[in-house]
Amino acid sequence: MVKTVKINKLRIPCLPDFCTSVLNPSLTADILGGFNTCEYTVFPGFCDVHVHFREPGFSYKETVKSGSMAAAAGGYTAVCTMPNLNPVPDSAEHLLMQTEIIDRDAVINVYPYGAITVGEKGEELADMENMERAIAFSDDGRGVQSEEMMRAAMLKAKALGKIIVAHCEDNSLLRGGYIHDGDYARAHGHRGICSESEWGPIARDLKLAAETGCKYHVCHISTKESVDVIRKAKAAGVDVTCETAPHYLVMDDGDLREEGRFKMNPPLRSPEDRKALLEGLIDGTIDMIATDHAPHSAEEKAKGLEKSAFGIVGIETAFPVMYTKLVKTGIITMEKLIEVLCVNPRKRFGIPLGDDYSVWKLDEEFTVDPEKFLSKGRATPFAGEKLYGKCVLTVCGGKKVFG
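For every chain, the first residue of its written sequence is number 1, and the numbers climb from 1 along that sequence. Given that the model is predicted, a residue must reach a pLDDT of at least 70 before its local features are reported, and side-chain atom pairs must reach 80 or more before they are shown or counted; all residues, however, enter totals for whole chains, interfaces and linings. Side-chain figures throughout are based on the complete set of non-hydrogen atoms in the structure, without hydrogens or water.

(A) Region of interest: the sheet that holds strand β13 (residues 288-289). In space, the five strands of this open sheet follow the order β7-β8-β11-β12-β13, with parallel pairing throughout. Here the strands that pair on one side only, and so sit at the sheet edges, are β7 (137-138) and β13. As paired elements, strand β12 (residues 240-244) and β13 share two bridges and run parallel to each other. Paired with T244 across the bridge in β13 is I289. A pair of strands is considered paired only if DSSP assigns at least 2 bridges between the two. For helices the rule is a DSSP run of H or I covering at least 4 residues; for strands it is a run of E covering at least 2, with both sets numbered from the N terminus onward.

(B) Highlighting the packing of helix α8 (residues 224-235) against helix α10 (residues 271-283). Running from N to C, α8 and α10 point in directions that differ by 30°, and their axes come no closer than 8 Å. Here α8 is positioned roughly parallel relative to α10, judged by the angle of their axes. Between α8, through K224, E225, V227 and R231, and α10, the contact on the second element is made entirely by E272, D273, A276, L277, E279, G280 and D283. Only the stretch in contact is used when a helix axis is fitted, and all axes are lines through C-alpha atoms; the angle between N-to-C directions ranges over 0 to 180 degrees. Each angle is binned into one of four classes, with values under 35 degrees roughly parallel, values over 145 roughly antiparallel, values of 65 to 115 roughly perpendicular, and all other values oblique. Any pair of residues with heavy atoms lying within 4.5 Å of one another is described as a contacting pair.

(C) A look at the nonpolar core. Working definition of a nonpolar core: buried Ala, Val, Leu, Ile, Met, Phe, Trp, Tyr and Cys residues. They are joined through side-chain atoms within 4.5 Å. For each residue, the accessible area found with a 1.4 Å probe, counting protein chains only, is set against the maximum for its type, and the residue is called buried under 20%, exposed over 50%, and partly exposed in between. Judged by nonpolar contacts, the single largest core of 90 residues is most densely connected at I164, Y216, F319 and L337. If you tally residues by element for this core, the top one is helix α12 (residues 318-327), at seven residues. Ranked by size, the runner-up nonpolar core spans 15 residues in total, among them M82, I163, C219 and M288.

(D) Spotlight on the packing of aromatic side chains. Pairing of aromatic rings covers Phe, Tyr and Trp, the last through its six-membered ring, and needs centres within 6.5 Å; plane angles under 30 degrees mean stacked, over 60 mean edge-to-face, and all others mean tilted. As enumerated under the stated definition, the model contains eight aromatic pairs in all. Here F43 and F46 contribute two aromatic rings whose centre-to-centre distance is 6.2 Å and whose plane-to-plane angle is 35°, an arrangement assigned as tilted. Pairwise contacts between aromatic rings join F43, F46, Y76, F319, Y323 and W360 into one cluster. When the NZ atom of lysine or the CZ atom of arginine is within 6 Å of a ring's centre and also within 35 degrees of its normal, the charge is said to sit over that ring. Here K263 stacks its cationic end above the ring of F310, 4.5 Å away from the centre of that ring. Lying over the aromatic face of Y388, K328 brings its terminal NZ or CZ to 4.6 Å of the ring centre.

(E) Just the sheet that holds strand β6 (residues 109-112), in detail. Pairing is parallel in the open sheet, where three strands are placed in the order β4-β5-β6. Because the sheet does not close on itself, it has two edges, and the strands there are β4 (46-51) and β6. With strand direction ignored, the average angle separating the axes of adjacent strands in the sheet is 20°. Helix α13 (residues 334-349) contacts β4 and β5 (76-81) of the sheet and is inclined by roughly 70° relative to β4.

(F) A look at the pairing of β12. Across the five residues of β12, five count as buried, placing the element largely inside the fold. By the alternation rule, side chains of β12 split into V240, C242 and T244 and T241 and E243, which are all buried. Examined bridge by bridge, strand β11 (residues 215-218) and β12 share three bridges and lie parallel to one another. Bridge pairing in β12 places V218 opposite C242. The handedness of the β11 to β12 crossover, carried by α8, is right-handed. If the strands point away from the viewer and the path from the first strand over the helix to the second runs clockwise, then the crossover is right-handed.

Take a look at the structure:
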């Protein structure tokens, strides 16, 4: 368990730069004062480097306001928003359209990605040097297919001191697939997505990162081969980090149902892949957990595995899922969970913690009810599951944003 101190029956983790802010007398008196009748646990504000808030362009799915409120309800005080928007933030002008909405509506700290290529089409580099407010660069939702384009992007990002954040997917290997190419797909007549479509581009990019010296981060890894090639690259000194999502750590294709809420990209893989991801999380190959929170309308997710849109929501359930299924079962420690939810993502992306924290009742059990989500999205594979850990308060920048 993570080491804690106690004040007014609050358990507070002893983490660098965290106790100083949380134990500030004014914060304790003004914000935490009401929580003194039973035991609660205070955590530093979580940080998710991979979310989709859908604005501008797709506000019927999610808005910056609804997405940031959902994040606050999950204990998050910082998120990085992906650029598959309309318009794509591939220039200073287009990025400004997004940041104006963020500045107006966000209730937590929201850091936008800039696109790697114009329109995320993979044909021409975006105006990377003039998107100063971009936290990093990504063409998330589409893999950069051209090796030469990725090399050029890495060289530009290296010169700017920015990170390339890669959605790794080889389109030539997809073959119309929409779930993992495994036992469930074969048993139910579905078209599968092979694992090489993910790990092949990762292997290519790791060679380019070694060549260029670019800081490189891999999105939502899901296969055992991805863990292996990243582990070897780290050992060789490549400046690489990676993330996976809660659903890949606690589910596999044996958990699939014929419902759109089980369809995401990459897909749920095999039990062997899930085992390798857990091993990678434990040994530090996987640096952080990101939700890939990807809301869609009810209609878009009501078309079964084949025809529903890719993507599920997860930012309001991430901590309870990880705490219930990994910490309470002894697979990882609470210290490891806070490391991958808060410490590592903030360190890698240079996101300060400040006076950010959340207060939890860890012993409270609840049933996941998507109709109670603050997100506009409702599609979650965890609907109906019983989990532990209820967030009762989130504070960002010294101000209450949830609870």
